[in-house]
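Chain by chain, the residues run as shown.
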Amino acid sequence: MQDDPKTLVSTDWLAAHLKDPDLRVLDASWYLPQQGRDAKAEYEAAHIPGARFFDIDEISDNRSDLPHMVPPVEKFMSKLRAMGVGDGHQVVVYDGAGLFSAARVWWLFRLMGQTNVAVLDGGFPKWQAEGHPVEDLPPVIRDRHMTVRVQNHMVRDVTQVSAAAKLGDHEIIDARSAERYRGDAPEPREGLRAGHIPGSRNVPFGQVLKADGTMKDAEGIRAAFEAAGVDLNKPAITSCGSGVTAAILSLALERIGKTDHSLYDGSWVEWGAFPTLPVATGEN
């Protein structure tokens with residue numbers, strides 16, 4: 001795996017840089033209710049030395065009825081400043097599942113114009129399995145200002161996605177399981193229709209990961225997208241259940257040098273709740 005401090009770094013890279021004065025590590029663990037895990041409690045029990053806890057549900061737009069939507073710029077800046085994360089820092093984000101929710105925070109930083117941010121490949125499970133140090137101490141916080149320049153092209157709303165679906169000028173890539181994409185499995189959130197955005201392609205996020213939870217190499221990533229019929233020459237819009245695992249596909253696209261991608265923030269929790277929006281079922 002090639003380390004890239006703007007996309008993905010290995011546990012070896014992080015271990016070598018852990019004491020760098022301008023490194024900031026974030027635990028961005030987040031789980032679905034049915035997973036029965038308490039991300040904050042797990043962080044408090046054990047985390048990578050110096051890591052801060054990034055609460056995806058809290059650092060979001062609480063005015064929205066949709067879960068963990070992109071927060072207002074002012075809120076993002078103030079929350080990160082309170083965590084001692086700002087300009088000039090190299091950020092590494094990890095999660096307790098391996099590679100699940102950390103990519104969402106990587107994408108959020110990129111949306112806010114911060115480019116020196118990477119996901120820890122294999123996350124906390126790999127870090128622990130290799131015997132690297134952990135601690136249960138709260139981090140020492142030093143205030144640091146953060147400059148935000150929102151990259152609006154990296155996010156899409158329901159109107160833009162609806163237009164893209166009608167025109168067919170983007171590849172809409174759905175990171176949910178094949179069963180949910182086809183409409184064979186019920187949605188984990190009540191009140192949502194089953195199925196997918198018409199014309200979208202299905203690349204379950206696990207297809208770009210290896211069995212140990214690390215990301216596939218560029219060749220493996222390309223093969224996963226191409227096997228699903230994704231035209232990598234078109235700009236891409238990633239989607240999923242609520243905008244978390246879609247970011248794994250966004251990170252994978254970035255890893256193969258594809259930069260014209262955006263993320264549908266409302267994802268299926270929004271699309272599936274709108275009775276006027278078309279829904280497709282089956283393979284296509």
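The rules behind these values
Residues numbered from 1 in each chain as written. Predicted model: local features only at pLDDT ≥ 70, side-chain atom pairs only at ≥ 80, totals over all residues. Heavy atoms only, no water. Helix = DSSP H or I, 4+ residues; strand = E, 2+ residues; numbered from the N terminus. Buried < 20%, exposed > 50% of the residue type's maximum accessible area, 1.4 Å probe, protein only. Pairing = 2+ DSSP bridges. 1 Å grid on protein atoms, 1.4 Å probe; cavity = no way out; pocket = protein on both sides within 12 Å on 5 of 7 lines; lining within 4 Å. Points joined across faces, edges and corners; volume = space filled by probe spheres on them. Nonpolar A, V, L, I, M, F, W, Y, C, P; charged D, E, K, R; others polar. Salt bridge = Lys/Arg side-chain N within 4 Å of Asp/Glu carboxyl O. Phe/Tyr/Trp six-rings, centres within 6.5 Å; stacked < 30°, edge-to-face > 60°. Right-handed = clockwise from strand over helix to strand, strands pointing away.

Peer 1: Is there a simple way to think about the side chain of S262 in this case?
Peer 2: With respect to the element layout, S262 can be found in strand 10 (residues 261-264). With relative accessibility at 2%, the residue S262 sits in the buried group.

Peer 1: How do you make sense of the sheet that holds strand 6 (residues 155-156) when you look at a structure like this?
Peer 2: Note: strands within a sheet are paired through backbone hydrogen bonds, in either parallel or antiparallel orientation. If you trace the 5 strands from one edge of the open sheet to the other, you get 6-10-9-7-8, paired in parallel fashion. Each edge of the sheet is formed by a strand with only one pairing partner; in this case those strands are strand 6 and strand 8 (201-202).

Peer 1: Mind showing me how you'd approach empty space enclosed by the protein here?
Peer 2: With a probe scaled to a water molecule rolled over the atoms, the places where space remains empty come into view. Scanning the model with the defined rule gives 2 cavities of 30 Å³ or more in all. Together, F54, I56, I59, S60, H68, M69, V70, P71, R104 and L108 line the largest cavity. Split into classes, the residues belonging to the lining of the largest cavity amount to 7 nonpolar, 2 polar and 1 charged. There is about 30 Å³ of room inside the second largest cavity. Around the second largest cavity, the lining residues are G86, H89, V91, F109, Q114, N116 and M146. Tallied by class, the residues present in the lining of the second largest cavity amount to 3 nonpolar, 4 polar and no charged.

Peer 1: Sorry if this is basic, but what is going on with the pattern of salt bridges here?
Peer 2: When charged atoms on two side chains of opposite charge get close, those side chains can pair. All chains considered together, the criterion is met by 16 salt bridges. Residues E44 and K40 are paired through a salt bridge, measuring 3.8 Å at the closest nitrogen-oxygen approach. Of this pair, E44 and K40 both sit in helix 2 (residues 39-45), 4 residues apart, which is roughly one turn of the helix. Take E44: its relative accessible area is 45%, and that puts it in the partly exposed class.

Peer 1: What exactly am I supposed to notice about the packing of aromatic side chains here?
Peer 2: Given two aromatic rings, their pairing is described by the distance between the two centres and the angle made by the two planes. Taken as a whole, this structure holds 7 aromatic pairs when the rule is applied. Judged by centre distance (5.5 Å) and plane angle (40°), the ring pair of Y43 and F53 falls under tilted. With Y43 in helix 2 and F53 in strand 3 (residues 52-53), this pair connects stretches of sequence that are 10 residues apart. Like Y43, the residue F53 is buried in the burial classification. Consider the rings of Y264 and W271, whose centres lie 6.5 Å apart with planes at 85°: the pair is edge-to-face.

Peer 1: How should I be thinking about the layout of surface pockets in this particular structure?
Peer 2: Taken as a whole, the largest pocket spans an internal volume of roughly 320 Å³. Looking at the lining of the largest pocket, its residues break down into 7 nonpolar, 1 polar and 5 charged. The space that makes up the second largest pocket amounts to roughly 240 Å³. The wall of the second largest pocket is formed by 16 residues, among which L32, R180, F205, G241 and T245 lie closest to the centre.

Peer 1: Explanation requested: the environment of A218 in the structure shown.
Peer 2: By secondary structure assignment, the location of A218 is in helix 8 (residues 218-227). For A218, a relative accessible area of 38% gives the class partly exposed.

Peer 1: Before we go on, may I ask you to explain unusual backbone geometry in this structure?
Peer 2: Note: most residues except glycine have negative phi, and most peptide bonds are trans. Residue H68 is not a glycine yet carries a positive backbone phi of 35°. Mapped onto the secondary structure, H68 falls in the loop between strand 3 and helix 3 (73-82). Despite not being glycine, S267 has its phi angle at roughly 45°, a positive value. Within the fold, S267 resides in helix 10 (residues 267-271).

Peer 1: What am I meant to see in the pairing of strand 4 (residues 90-94) here?
Peer 2: Regular strands place their side chains on alternate faces of the sheet. Of all 5 residues in strand 4, 5 are buried, a share of seventy percent or more. Alternating residues of strand 4 divide into Q90, V92 and Y94 and V91 and V93, and every residue in both groups is buried. Looking at chain direction, strand 2 (residues 23-27) and strand 4 are connected through 5 bridges and run parallel. Among the inter-strand pairings, L26 is bridged to a residue of strand 4, identified as V93. As paired elements, strand 4 and strand 5 (residues 117-120) share 3 bridges and run parallel to each other. Residue pairing for strand 5: V91 is matched across the bridge by V117. For the handedness criterion, the β-α-β arrangement of strand 4, helix 4 (residues 102-111) and strand 5 is classed as right-handed.

Geometry only, nothing functional implied.
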